[in-house]
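Summary of structural features
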Amino acid sequence: MSQETNFIAGEWVVASKATANINPSDTNDVLGEFAQGSSADVGEAVAAARAAFPRWSRSTPQERHDVLKRTGDEILARKDELGRLLSREEGKTLPEGVGEVTRAAQIFHFFAGECLRQAGDKLASVRPGVEVEVTREPIGVVGLITPWNFPIAIPAWKIAPALAYGNCVVIKPAELVPGSARALVDIIARAGVPAGVLNLVMGKGSVVGQAMLEHPGIDAISFTGSVPTGRAIAAACVAAQPMKKVQLEMGGKNPLVVLDDADLTVAVDCAVNGAFFSTGQRCTASSRIIVTEGIHNRFVDAVAERMKALVVDDALKAGTHIGPVVDAKQLEQDLSYIDIGKAEGARLVLGGERLNRATPGFYMAPALFTETTADMRLNREEIFGPVASVLRVKDYDAALAAANDTAFGLSAGICTTSLKYSSHFKRNAEAGMVMVNLPTAGVDYHVPFGGRKGSSYGSREQGRYAVEFYTTVKTSYTLP
Ligand code: ADP
């Protein structure tokens, strides 16, 4: 089988090692052999990026706009094919895969526009006759380290602003999903990005990722992934010589509050979508559903009823609501939390078992626990699978306290018809994103994405706020 190669200095380069990319819906289906890069590959990629930087950082906004616009156009034109590739390698359903690809195109189109809107400030100085200008410049070479759960959208929302603001890039996608990143880089390359500006090195975090952290030619790292890896990356960036700018998006243990006055249909939709769609493998998934006493039993019964109708099957099959878990390791982790929940005394209402389907894959029935308490591991640790727990509380105040009782702070939702409670929740939820009568997962692409507390570190991603990370500010004084 031929190898899907790395992209370095404008060339597709074979690596000394390769690894199989396997379909989690059908482990007999191999997407191909993908490069396993080395630290030497990272060295070459960084050298190419550094060499390309002087010219790219001074390119016109029009040139950068055109590359990003053409990229968005091609992604959109090929959304069905790329969505299929994504669903085949990651396991989210085909409509979810096509939706994510469409999102990637929209992100490129948004940042194509941002190329033309880069602005600075010109101010009068406090000293007579002096002029002050505040401008933004690219940071240099950015290293992007991405996870497996959004194989094209996350690379897109890091690559697009990096290029828009004139940076050069070395990207390392997650080992489980190199195919989508490879397809994206191929499109950007053919859209006219000059050689060396964008480099792709596939492979292990401990090898390729580590080499990126250690390389003095990388000025900044943007990472999305787990908390332990994020913490280690932040420490490495601070310890590096010279220090690297760093941005981290990590986990969540996102609460969805359901109050007595909620519209039951809306609340059930939010819970089922937020907890189980994309197999619960979203950092914004609703894993803690905090429900007030008056609606608790009706809500649990209605959610359980809806869950019985969910079809868990091959991601590419029409009619599938929930695809497989991404791999054997993640499935084992998800199933272990079913045992942990039971041992902690929570009540498993339904689901939580491994399922067999026509093809060998990592299928699991979405699980709902009730009678849980805030101190249970079930409510404290990110599971990253189709497992949700219900926490029964007395009233809104107890619900808000429970929602904020977590080390994380990415997204927080509330279902209520009360303006008073929704306004109070928006103001007091300790989260980067708040959703009223909407699932905790599912965001727009033109506004900031990110969290507080243990969920995020550094400036926000996406929308106009991305400029904070991908540029550095210069203050110039002139006496004309
Ligand atoms: P996940 O559970 O989503 O796989 P990780 O944090 O392990 O989360 O992985 C997210 C990304 O970080 C992946 O691209 C992975 O290869 C990379 N990564 C893992 N370990 C390291 C490391 N020590 N240094 C740099 N990158 C790493």
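Note that this is a predicted model, so its numbers are computed, not measured.

Looking at the packing of helix α3 (residues 79-90) against helix α4 (residues 94-116)
- Running from amino to carboxyl end, α3 crosses α4 at an angle of 120 degrees, the nearest separation of the two axes being 7 Å. Viewed along their axes, α3 and α4 adopt a mutual orientation that is oblique. Regarding α3 and α4, the two cross each other, and that crossing is right-handed. Taken together, the residues of α4 that come into contact with α3 (itself represented by Lys79, Asp80, Leu82, Gly83, Arg84, Leu86 and Ser87) are Leu94, Gly97, Val98, Glu100, Val101 and Thr102.
- Here the residues of the contact of α3 with α4 sort into five nonpolar, four polar and four charged.

Description of the pattern of salt bridges
- Evaluation of the coordinates by the stated rule reveals 24 salt bridges.
- Note that Asp313 is salt-bridged to Lys317, the shortest N-O span being 2.9 Å.
- The partner of Arg380 in a salt bridge is Asp405, and the shortest N-O contact between them spans 3.0 Å. Here Arg380 is found in helix α12 (residues 377-380), whereas its partner Asp405 is found in the loop between α13 (396-404) and β20 (411-415), with 25 residues between them in sequence.
- Since its relative accessible area comes to 34%, Asp405 is described here as partly exposed.
- By sharing partners, the salt bridges in this structure join Glu74, Arg78, Glu81, Asp186 and Arg190 into a single network.

Focus: the site of the ligand
- Near the ligand, the surroundings consist of 16 residues, among which Thr146, Lys172, Phe223, Ser226 and Thr229 are the closest.
- Here the ligand has 550 Å² of accessible area as a free molecule, and 75% of this is covered by the chains.
- Broken down by secondary-structure element, the contributors of at least two residues to the shell around the ligand are α7 (205-214), β11 (220-224) and α8 (227-239).
- Here the shell around the ligand is built from residues that sort into seven nonpolar, eight polar and one charged.

Examining the environment of Leu400
- Along the chain, Leu400 turns up in helix α13.
- With relative accessibility at 11%, the residue Leu400 sits in the buried group.
- Measuring from C-alpha to C-alpha, the distance between Leu400 and Glu430 comes to 9.4 Å, with 30 residues separating the pair along the chain.
- The contacts of Leu400, once residues within four sequence positions are left out, are His424, Phe425, Asn428 and Ala429.

Comments concerning the sheet that holds strand β21 (residues 433-436)
- Read across the sheet, seven strands follow the order β15-β18-β19-β14-β13-β20-β21 without closing on themselves; strand pairing throughout is mixed. The open sheet has two edge strands with one neighbour each: β15 (347-350) and β21. Going from strand to strand, the sheet's axes swing by 25 degrees on average, the running direction of each strand aside.
- Bridging between strand β13 (residues 254-258) and β20 involves three bridges; their strand directions are parallel. By the bridge assignment for β20, Val258 is matched with Cys415.

What to know about the state of the cysteines
- Scanning the entire structure with this criterion turns up zero disulfides.
- For the unlinked cysteine Cys237, the closest cysteine sulfur is that of Cys168, found at 18 Å.

Concerning the confidence of the model for the protein
- Confidence in the prediction of the protein, expressed as mean pLDDT, is 98, and 100% of residues score 70 or more.
- When mean pLDDT is taken per element in the protein, strand β9 (residues 168-172) scores highest with 99 and strand β1 (residues 3-4) scores lowest with 90.

Quick look at the domain arrangement of the protein
- Domain boundaries in the protein define domain 1 (3-250) and domain 2 (255-436).
- Taking only C-alpha atoms into account, the centre of domain 1 sits 31 Å from that of domain 2.
- In this complex, domain 1 contributes 21 residues to the contact, which on the side of domain 2 involves 26 residues.
- The contact between domain 1 and domain 2 buries some 1800 Å² in all, and 61% of this surface belongs to carbon and sulfur atoms.
- Of all residues in domain 1, the largest losses of buried area upon contact with domain 2 belong to Pro24, Ser25 and Trp148, amounting jointly to 27% of the total for that side.
- The interface formed by domain 1 and domain 2 includes zero salt bridges.
- Here domain 1 and domain 2 share eight residue pairs in polar contact (both at pLDDT 80 or more) between them.
- At the level of elements, β5 (26-36), α3 and α4 are the ones that each hand at least two residues to the side of domain 1 that touches domain 2.
- Per-element accounting of the side of domain 1 that touches domain 2 gives the leading share, four residues, to α3.

Observations concerning helix α10 (residues 293-308)
- Given a rise of 1.5 Å per residue, 16 residues ought to cover 22 Å, and the 24 Å separating the end C-alpha atoms of α10 matches this to within 8%.
- The axis of α10 is deflected most strongly, by about 25 degrees, at Phe299.
- Taken together, the buried positions of α10 are occupied by Ile295, His296, Phe299, Val300, Val303, Ala304 and Met307.
- If you follow the buried residues of α10, they end up packed against β13, α9 (264-276), β14 (286-292), β15, β18 (367-370) and β19 (387-393).

Reading the values: rules and limits
Residues numbered from 1 in each chain as written. Predicted model: local features only at pLDDT ≥ 70, side-chain atom pairs only at ≥ 80, totals over all residues. Heavy atoms only, no water. Axes fitted to C-alpha atoms, helices over the stretch in contact; angles between N-to-C directions. Helix = DSSP H or I, 4+ residues; strand = E, 2+ residues; numbered from the N terminus. Parallel < 35°, antiparallel > 145°, perpendicular 65-115°, else oblique. Left-handed = near helix turned anticlockwise from the far one by under 90°. Contact = heavy atoms within 4.5 Å. Nonpolar A, V, L, I, M, F, W, Y, C, P; charged D, E, K, R; others polar. Salt bridge = Lys/Arg side-chain N within 4 Å of Asp/Glu carboxyl O. Buried < 20%, exposed > 50% of the residue type's maximum accessible area, 1.4 Å probe, protein only. Near = heavy atom within 4 Å. Areas by Shrake-Rupley, 256 points an atom, 1.4 Å probe, with all protein chains shown as cover. Pairing = 2+ DSSP bridges. Disulfide = S-S within 2.5 Å. pLDDT = per-residue confidence, 0-100. Domains from an automatic or database assignment. Buried area = accessible area lost by both parts, 1.4 Å probe. Polar contact = N/O pair within 3.5 Å; in protein donor to acceptor, adjacent residues only side chain to side chain. Expected span 1.5 Å × (residues − 1). Bend = angle between axes of the 7 residues up to and from the residue.

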